[in-house]
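Okay, here's what each chain looks like letter by letter:
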Amino acid sequence: FAQTLNTAYLLYLDTDRLLWTFRTQAGLPTHRTSGEAIEPYGGWESPNYQWGLLNGHFTGHLLSALAFTASATGHPAIAAKSMVLVMALAACQDKLGTGW
């Protein structure tokens, strides 16, 4: 039951919302292909988080969770979500041109 619940939660999370800060810092669009604006998550992912620069911290945990879940379950949507996240982060790194 726990694996099923965790998998459902990972699929529920919106990668575009988690990538908002990365894309903003890289100067990439922060809207969906439909033109709809993407709102970042709150809490640690908020661009206005009051206790420091934790933006992206949760995204790193998500990437680990996706990798572990893909390995444990072979779930194709989890593996695909992992690849989408990695490719989006790579696009941000490429745009910045610093390797970070």
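Refer to the structure printed above.
For clarity, every value in this text was computed on a predicted model and none was experimentally measured.

Asks: Honestly, helix 4 (residues 57–73) in this entry has me stumped. Any pointers?
Replies: Residue pairs spaced three or four apart in an α-helix point in one direction, given the helix's 3.6 residues per turn. With 17 residues, helix 4 should cover 24 Å at 1.5 Å per step; its first-to-last C-alpha distance of 24 Å lies within 8% of that length. What helix 4 keeps buried is the set Thr59, Leu62, Leu66, Thr69 and Ala70. End-on view of helix 4: buried residues confined to an arc of 100°, all on one side of the axis. In helix 4, the exposed positions angled more than 90 degrees off the buried face are occupied by Phe68, Ser71 and Ala72. In this structure, the buried residues of helix 4 make contact with helix 1 (2–12), helix 2 (15–18), helix 3 (20–26) and helix 5 (76–96). Gly74 occupies a position one or two residues after helix 4 and carries a positive phi of about 70°.

Asks: Just checking my understanding: could you explain the packing of aromatic side chains for this structure?
Replies: Each aromatic ring pair is summarised here by two numbers: the centre-to-centre distance and the angle between the ring planes. Inspection of the entire model under this criterion finds 1 aromatic pair. The ring centre of Tyr41 lies 3.9 Å from the NZ or CZ of Arg17, which sits over that ring.

Asks: Explain helix 5 here, please?
Replies: Counted at 1.5 Å a residue, the expected span for helix 5 with its 21 residues is 30 Å, and the 30 Å between its end C-alpha atoms agrees. Where helix 5 is concerned, the buried positions are Ile78, Lys81, Ser82, Leu85, Ala88, Leu89 and Cys92. Seen along its axis, helix 5 keeps its buried residues to an arc of 135°; they face one direction. Exposed and facing more than 90 degrees away from the buried side of helix 5 are Pro76, Met87 and Asp94. Buried-residue contacts for helix 5 involve helix 1, helix 2, helix 3 and helix 4. Positive phi shows up at Gly97, right after helix 5, with a value of about 75°.

Asks: What is the right way to read the packing of helix 1 against helix 5 from this model?
Replies: In a pair of packed helices, the angle between the axes and the distance between the axes together describe the arrangement. At their nearest, the axes of helix 1 and helix 5 sit 10 Å apart, and the two run at 40° to each other. It follows that helix 1 is oblique to helix 5 by the angle criterion. Seen along the crossing, helix 1 lies across helix 5 with a hand that is left-handed. Facing helix 1, whose interface residues are Thr7, Leu10, Leu11 and Tyr12, helix 5 presents Ala77, Ile78 and Lys81. The residue makeup of the contact of helix 1 with helix 5, split by class, is 5 nonpolar, 1 polar and 1 charged.

Asks: Just checking my understanding: could you explain the packing of helix 4 against helix 5 for this structure?
Replies: As a packed pair, helix 4 and helix 5 sit with axes 9 Å apart at the nearest point and diverge in direction by 145°. Crossing hand, helix 4 versus helix 5: left-handed. Residues Thr59, Leu62, Leu63, Leu66, Ala67, Thr69 and Ala70 of helix 4 form the contact with helix 5, whose own contacting residues are Ile78, Ala79, Lys81, Ser82, Leu85 and Val86. Taken together, the residues of the contact of helix 4 with helix 5 sort by class into 9 nonpolar, 3 polar and 1 charged.

The rules behind the values
Residues numbered from 1 in each chain as written. Predicted model: local features only at pLDDT ≥ 70, side-chain atom pairs only at ≥ 80, totals over all residues. Heavy atoms only, no water. Helix = DSSP H or I, 4+ residues; strand = E, 2+ residues; numbered from the N terminus. Expected span 1.5 Å × (residues − 1). Buried < 20%, exposed > 50% of the residue type's maximum accessible area, 1.4 Å probe, protein only. Arc of directions from axis to C-beta. Contact = heavy atoms within 4.5 Å. Phe/Tyr/Trp six-rings, centres within 6.5 Å; stacked < 30°, edge-to-face > 60°. Lys NZ or Arg CZ within 6 Å of the ring centre and 35° of its normal. Axes fitted to C-alpha atoms, helices over the stretch in contact; angles between N-to-C directions. Parallel < 35°, antiparallel > 145°, perpendicular 65-115°, else oblique. Left-handed = near helix turned anticlockwise from the far one by under 90°. Nonpolar A, V, L, I, M, F, W, Y, C, P; charged D, E, K, R; others polar.

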